[in-house]
Amino acid sequence: MAEIKLAAEVRTEFGKGAARRTRRANLVPAVVYGHGAEPVHITLPGHDLLLALRTANVLIGLEIDGKSALVIPKAVQRNAIKGTIEHVDLLTVTRGEKVEVEIAVHVEGELAPGGNLLEYVQNTLLVEAEATHIPESVTVSVAGLDAGDSILAKDIPLPSGSVLAGDEDAVVLQVVSAQVEEAPSEEAEGTEA
């Protein structure tokens, strides 16, 4: 995974009014925390941050007052209407450190013939990986699965360097048969008129 560099500035103003002024200047308020250090309140360039967060579990290299910090996004608050980023919590990591992150589950292949439907019980999988080698997603084959079949978390092949951090017996995907609605009988149709 590539590291994205962003320049950050330390925030000195706090509160709702200060946050609004920051956002009007196309900056995003953020907090950097972790490793037992005091939280650092910063602002980040809005557009650059938006582009960086398009990649799940992105590794961000911050430059804060001449100091470098390696972080991953932990929580992103977005405006429900505009879709803009309101605030970001960033977790400090070090190279070689293991972190727990959720990665997307993608499927490939066709289910067995018939009226089968694939149900995502979980869209993501909790894994532990090195901070600089976080996988973006895992791909699972559902080829030939029939109604009643399911795929557990422990059945999903993970990229090298990643281990399952969540419940290994949790159902991630399951195949169900489609519900078919019965056509109304002629007697029932005649009584409605």
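Everything discussed here concerns the structure shown above.
Presented here is a report on the structure given in the accompanying data block. None of these values were measured; they are calculated from a predicted model. (Residues numbered from 1 in each chain as written. Predicted model: local features only at pLDDT ≥ 70, side-chain atom pairs only at ≥ 80, totals over all residues. Heavy atoms only, no water.)

## Description of the sheet that holds strand E13 (residues 171-177)
Inference 1: Strand order in the open sheet formed by 3 strands is E8-E13-E11, and the pairing between neighbours is antiparallel. Two strands lie at the open edges of the sheet, namely strand E8 (116-120) and strand E11 (150-152), each paired on one side alone. Strand after strand, the sheet turns through a mean of 15 degrees between neighbouring axes, direction not considered.
Inference 2: As judged from the 5 bridges shared by E8 and E13, these two strands associate in the antiparallel manner. Looking across to E13, one finds that tyrosine 120 is bridged to leucine 173. (Pairing = 2+ DSSP bridges. Helix = DSSP H or I, 4+ residues; strand = E, 2+ residues; numbered from the N terminus. Axes fitted to C-alpha atoms, helices over the stretch in contact; angles between N-to-C directions.)

## What about the pairing of strand E5 (residues 67-78)?
Regular strands place their side chains on alternate faces of the sheet.
Inference 1: In this sheet, E5 lies alongside strand E4 (residues 59-64) in antiparallel orientation, the contact comprising 5 bridges. Opposite glutamate 63, over in E5, you have serine 68 as the bridge partner.
Inference 2: In textbook terms, the turn of a hairpin is the stretch between consecutive antiparallel strands, and for E4 and E5 this stretch comprises 2 residues, one of which, aspartate 65, has a positive phi near 50 degrees.
Inference 3: The hairpin formed by E5 and strand E6 (residues 85-93) contains 6 residues between the paired strands, and glycine 83 there has a positive phi angle of roughly 80 degrees.

## Things to note about the environment of isoleucine 134
Inference 1: Tracing the sequence through the fold places isoleucine 134 in the loop between strand E9 (124-130) and strand E10 (137-141).
Inference 2: Of the residues examined, isoleucine 134 reaches a relative accessible area of 4% and is grouped as buried. (Buried < 20%, exposed > 50% of the residue type's maximum accessible area, 1.4 Å probe, protein only.)

## Details of the pattern of salt bridges
Inference 1: Per the stated rule, a full pass over the model turns up 3 salt bridges.
Inference 2: Measuring nitrogen to oxygen at the nearest pair gives 3.0 Å for the salt bridge that ties lysine 154 to aspartate 169. Of the two residues, lysine 154 is situated in the loop between E11 and strand E12 (163-164) and aspartate 169 in the loop between E12 and E13; the sequence distance between them amounts to 15 residues.
Inference 3: Its relative accessible area of 46% is what places lysine 154 among the partly exposed residues. (Salt bridge = Lys/Arg side-chain N within 4 Å of Asp/Glu carboxyl O.)

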